[in-house]
Structure formats: C-alpha cells, structure tokens
Amino acid sequence: MSDELVIDVTGLTKSFGARKVVDNFDLKVPRGAIYGFLGPNGSGKTTTIRMVCGLLKPEAGQGRVLGFDVLHESLRIKERVGYMTQKFSLYEDLSIRENLEFIARLYGLDRRKARVDHALEDLGLAERQTQLAGKLSGGWKQRLALAACMIHEPEVLLLDEPTAGVDPKARRDFWDAIRRYAAQGVTTLVSTHYMDEAVQCDSIAYIAYGKKLLDSHTADIPKQIGLSAWRIEGRPLIDVQHALEADPRVELVARFGAAIHACAREPVPLEAAVRSRASGASACGDQQNRGRLR
Amino acid sequence: MKLPALFSLPALDLSWARIAAVFLKELVQMRRDKLTFGIMVAMPIVQLILFGYAINTDPRHMPAVIEMREDGPLTRAFLASLHASSYVDIVAIVTTADEADRMLRSGEANFIISIPEGFERRLVRGETPQILLAADASDPIAAGGAIAAIERVAQQAFAPSFQGPLSGLARAPPPYEIVVHRRFNPAGESAFNIVPALLGIILTMTMVMITSISLTRESERGTMENLLATPVRPIEVMIGKTTPYIAIGAIQVGIVLVMATFLFRIPFTGSPLAFTLGTALFIFANLMLGYLISTIARTQMQAMQTTFFVFLPSILMSGFMFPFKAMPHWAQWIGEALPITHFLRIVREVVLKEAGLADIVNDLGPLALITLVLAGFALLRFRSTLD
Ligand SMILES: Nc1ncnc2c1ncn2[C@@H]1O[C@H](COP(=O)(O)OP(=O)(O)O)[C@@H](O)[C@H]1O
Ligand SMILES: [Mg+2]
C-alpha cells in the first residue's frame, strides 16, 4: 500500500426522482488497498460504484480514478478498471469461453487466446469452458464474472456484492483470489453486507441512506465508535440472551450463529452485566477488553 | 356485493377480489408504461388521420405529360379542361415522343396523353381520330384508375366545344378513340407490381424488428451494464449489432429473387448493379431505423410496438397498396421520409422498367440521406450511462 490515491472522489451526489440516493459522498482509496464498502440494502452502494466507474453521471461532486476525471474521462477509466456487477451481467446464452473472448475483444487485448486460457486456468474454469453461462450455479457464475473483469489486468477492481448468494467455500476462494490480486498491487473496492467479509478489508466505509457514517482502517473502528463487545458461547443461550436484553447496562444484543454479542459504550458496567447474566456460558471481550470469563 | 348465482365464482374456487387485484395491477402497470400507453392511444388517432385521408382508391392528381403535336382551338380547350380537372396534374407539355417517354420512365409522370397531328381536322370530318394514352402499368392499380379517369375527363373536356356547328359531334360513342398502352407491364399483372414490392415489405418488417430489440434486450437482461462498463464506443455497438443482419437481408433478397423469377416469371429487365446498390442501401436504412427504435424503447415489448407503428405507414403510404401520387401532398411528404417508398420506386424501375444506375439516383440520394439521419439520431440517443 502506498500513499498514492487510486480512487479520490468528493461530494458525489445522485438522486432518483426526488430521493437523494447518494448524498455528498467522499472516498479515498490508496493503491493496493482492499476497501470494504458496507451498508444495508438500498443504502446507495451500487449507485456510488456506478458513479465511480462512469456508468452514472453524478449530479454534484467530482473526483479522479487513477488520475482520470470521473466526469469527463470515463473511457480512460473504463479501460483500466474491472467492474463486477451485483447482478450477473454476462451473456447467459454464450459459453464461458465465448463470454471471456467477447470481453477480451472489447478491451482490444493482444494474445487473446493465451489470456483467456490463463483466466480459465486461474479461476478453475478450464474444464467447463464450453458450458453456457446461464447453466452455471451462483458460485461458478461469480467466478466467471471475476475472471471477466480481470481479463484486461485492471489496476482497480470494483466489486459489487460479489459473494451474495454464494456458498462459504466459494466465498473463501473468492477472498483468497482478491488478496492475491491486492498483493500484486491491484486496488479493490468491494461492497458487501457480510460483516465477516468486511473485517477482511484494510479499511471500511459504512454507508446508510446514502450518507457515509464511518470511514476508517478496520482495526480502528471499535475504538472510533467507542463500543465494547463481549462474545458469549455455550448452551442454552436463549435464557442468557433474554436476560442480557432486559439488562439496562447492555445496549445491544445480537445473535451470531452459535454465539451472542453483547455491546455497550461503557465497558465496566457491560462486563459486570455479562458476568452476572451469563454464568455457565463462556464469554470473551473485544480487543480493548480482553478479559475472559469462565 | 351479492352477485347472481351465475357469477358465483367461489363455487369455482375463484374470487372477484383476486381478479380485481390483477385487473387493477395491470391498469397501474399500463399507466406506468407511458410509451406503450401513448402508442395505444395514439395508434388509432394517428393511423385514422394518416390513412383515412391519405388513401384514396379514386386516384386524383395523377401526374401526366402531354405530348402535343397539334395546336388548335379544340385541343386547347381539351388542355384547359385537363388543367381544371382534379384527376390529372399536367406536369409538362412536350412535343417529342422521346421526352415524354423519358418522363414516364423516370416516374415524373404516370402517363402520357398524346394528341397526334391532324387531330382536329379529322375530328371535325368525323374520322374518329385517336388520343394515345400510355400508362405506366408497373403499378397496375394506379394505371387502371388513371385510364378510367382519363376517359371521363376527355368527355367533359370536349363537351363545351361540341356546340353550335359541332353539336353533331356530341354523341355516343364519342367522335374520337382513346387508345390505351400499358407500358412496362403490358398484361397489367398485379404480381409484377406486388412481388418486387413485397421484397420491400419483407425487408422492412424483418430488418426493423430484429434490430429494434437489440439494445432493449441488453437492458432487460442486465447485460447492458457490463457492456457499458467496457470501453466500447456507441458507434461500435451500433455497427457491431446491425451488420450481422445484412447477411439475413441478403438471404431474403435471394429467396424473393428466385421466387420472382421461377414462380411468378417476372422479367428482370434492369441493371443488376443498380438493384444491388439500391437494395443494400435500403437494408442499411432499415437497420438504422430499427436501431434507433431500440435506443428509444425501454423494453422489447415497446420495441415491437414501435416497429409496428412504423410498419403500417410503410405498407399504406409508400405506394405499395395505393397509388402514391393520388395521396395528398402532406401524406406524400411522410411517404418520402419512409425508406420503403424509395426502395419501391427503385425496384419497380429496375425490375420492370429497364432502369440503370442513372435512372435511380433520384431515389438513392434520399435513401442515403434517410440512412444517415437515422444513424445520427440513434447515436445521439444512445445512452452511454445507465441514467
Ligand atoms: N436506476 C434507478 N432508478 C431509480 N431508483 C434507483 C435506481 N437505482 C437505484 N435506485 C434506488 O436507489 C437506492 C439505492 O440503491 P443502490 O445503490 O442499489 O443500493 P445498494 O447497492 O446499497 O443496495 C435504492 O432505494 C434503489 O431503489
Ligand atoms: Mg447494490
């Protein structure tokens, strides 16, 4: 990672009808970073990404991607950016290979056959290359889409909820691939609403209702929000959960699989509450509050 | 609300409420889809106005060239009556057969009225002189109407002159004879007209329809977003998407040519080069028209409807079904803007009237212009963003 900003946009604003979908949005992504773009559905992630790569015209704001103006040089940007759409947008009536060759031709790539072969190998699609894209499962479609947006060796990857609806193994493989690219100097902006994916990013921007609420290095976020959290495991958890929800010292109780997260701004009363309510379960605190309870 | 037993849907496990729900939903969707709604409302209005006034099976204002070999009081009176008549528009008065022939061939005139030397003298002597009427029968319907009309016009034209000393000539049958020559299609076979013209209709229908969904399909399937995210240029998309259909057009032309020759035995009299050039340009024009529609329509359904909206005037206002020159001027202007109008003239002239390249430049030019204008508008309309 360097200090050079690959994506540097300020004040991006977009309305559909009377509704402001993205409001005065700033984003600075340094070269080689994996930047997580987090937010609930409908918060404006897709719209923002589309403005960054020139697919939507912002009504206000400006910015540069790889030094090119997002308002006037979108062709230059498109040549150097790989964009993976939220919804699968390759041709379902073309085979995997035909799709990749189509994209490779659009970018005017040399050694087309070699590149397509390489992309197919790289993503483990070589055996399925003659299969129609429409017949692929979600995980394979997503691999194909990633291969397609990487084929011209872009410097920047814009990935819009790339792992939505994909099984856990495919998600892990996908993130391995993203980290490989980042190591090669590719800058990635990836939107997601999976928390466990967001924490894999170097930085996170959180957007809700079109407004950015948070933007910082992943490691700094808990400190920045000033939230302490305890993770409680064991069985049965349902009674513990109800007890914690009823406790005024705990501000938020959330279920994550086989665990409960209990959060509050004040760490000391929170710890007391967890210790008194969660006896019998195992719990551990967050980074700032590493005490263990047994 | 209580409904008679006949309407008791619960017995059939149906519900009025659900039907109403669907009905209202459709109404709402229909209202949201402004283009479709607009076309549905505009269609009957526009088409009635256009075709109700434009189409006239009693052809009037047919352009005629007069070949005058005689200049006397009777012929001048005849000419004056022709001028006053709404059936014919005299576009020129010439003195040589060559000149009249050229105008008929080029389509400037639909028929020649030829008054031979000594007409008046022989008329007065009761020798039943001939008036020659050469009609362009490559469109037999138009020719038939014109021939019938001219006989009526001649009667009216001479009536005022057949008075006093000449009142003896006011008799039936008239003291002259109208000799009709059907040119370019002596038997007046309508297949000779219809088959080449059908080529135009078929090409319009298929070329416009196929290309009109080319962009809307991408938008509907979501592939447009990916396409626009690549550095592809609008004109590249346009050319890349339309050229494949040139081949389909060529196949259709081949089929029609083979059928016209072997099934309908239509003689191909003109220049193959002129035919190829005219047809190629016509295919381009249709592809551009279809592509323009696909930049305007938002769904494939809308694209189809818009195609149909263009298709009807192509049939009715191009001279395909009804004589072009018999339409009012404003309708002729609309017709001139349709690619098929020019194509119909080109095929008729080339296939039936022995025309070469020089004879069809009058229609090649407008066709090229239409193609360029359509392509220009399509490129302007192309949305390079998803806005
Ligand atoms: N083309 C559009 N026209 C109208 N509204 C849109 C359009 N695209 C997105 N929206 C609306 O904008 C809001 C933000 O959408 P989006 O950017 O897709 O959010 P996200 O990707 O975070 O789920 C949503 O409420 C959506 O309905
Ligand atoms: Mg989205």
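Up top is the structure.
A brief structural summary. (Residues numbered from 1 in each chain as written. Chains lettered and ligands numbered in written order. Predicted model: local features only at pLDDT ≥ 70, side-chain atom pairs only at ≥ 80, totals over all residues. Heavy atoms only, no water.)

### Thoughts on the packing of aromatic side chains
To describe a pair of aromatic rings, one takes the distance between the centres and the angle between the planes. All told, the structure shown has five aromatic pairs over all chains when counted by the stated rule. Taken together, a centroid distance of 5.5 Å and an interplanar angle of 50° make the contact between A:Phe25 and A:Phe37 tilted. Of the two residues, A:Phe25 is situated in strand β2 (residues 19-30) and A:Phe37 in strand β3 (residues 34-38); the sequence distance between them amounts to 12 residues. Judged by its relative accessible area of 0%, A:Phe25 falls in the buried class. Taking 5.4 Å as the distance between ring centres and 80° as the angle between the ring planes, the aromatic pair formed by B:Phe268 and B:Phe275 counts as edge-to-face. B:Phe268 sits in the partly exposed class, given a relative accessible area of 34%. Since its relative accessible area comes to 6%, B:Phe275 is described here as buried. A cation over a ring is seen here: A:Arg128 above A:Trp140, with NZ or CZ 4.2 Å from the ring centre. (Phe/Tyr/Trp six-rings, centres within 6.5 Å; stacked < 30°, edge-to-face > 60°. Helix = DSSP H or I, 4+ residues; strand = E, 2+ residues; numbered from the N terminus. Buried < 20%, exposed > 50% of the residue type's maximum accessible area, 1.4 Å probe, protein only. Lys NZ or Arg CZ within 6 Å of the ring centre and 35° of its normal.)

### Considerations on the side chain of A:Ser74
Within the secondary structure, A:Ser74 sits in helix α2 (residues 74-80). Residues in contact with A:Ser74, not counting those within four places in the same chain, are A:Gly54 and A:Asp69. (Contact = heavy atoms within 4.5 Å.)

### Remarks on the site of ligand 1
All names here are of chain A. Close to ligand 1 lie Phe16, Arg19, Val21, Pro40, Asn41, Gly42, Ser43, Gly44, Lys45, Thr46 and Thr47, which account for all nearby residues. With respect to ligand 1, the backbone of Gly44 contributes an N or O atom lying 3.0 Å from an oxygen atom. Residue Thr46 places a side-chain N or O atom 2.5 Å away from an oxygen atom belonging to ligand 1. In isolation ligand 1 offers 560 Å² of accessible surface; the protein chains occlude 65% of this area. (Near = heavy atom within 4 Å. Polar contact = N/O pair within 3.5 Å; in protein donor to acceptor, adjacent residues only side chain to side chain. Areas by Shrake-Rupley, 256 points an atom, 1.4 Å probe, with all protein chains shown as cover.)

### Some remarks on the interface of chain B and chain A
Each partner contributes residues to the interface: chain B has 17 residues there, and chain A has 21 residues. Taking both sides of the interface into account, the surface hidden between chain B and chain A amounts to around 1700 Å²; carbon and sulfur atoms contribute 55%. Three residues, B:Glu225, B:Asn226 and B:Pro231, lead the burial of chain B against chain A; their summed loss comes to 30% of the area buried on that side. Across the contact surface, chain B and chain A share four salt bridges. In this structure, A:Glu79 and B:Arg233 form a salt bridge, with 3.9 Å as the shortest nitrogen-oxygen distance. Seen at the junction of chain B and chain A, the total is nine residue pairs in polar contact (both at pLDDT 80 or more). (Buried area = accessible area lost by both parts, 1.4 Å probe. Salt bridge = Lys/Arg side-chain N within 4 Å of Asp/Glu carboxyl O.)

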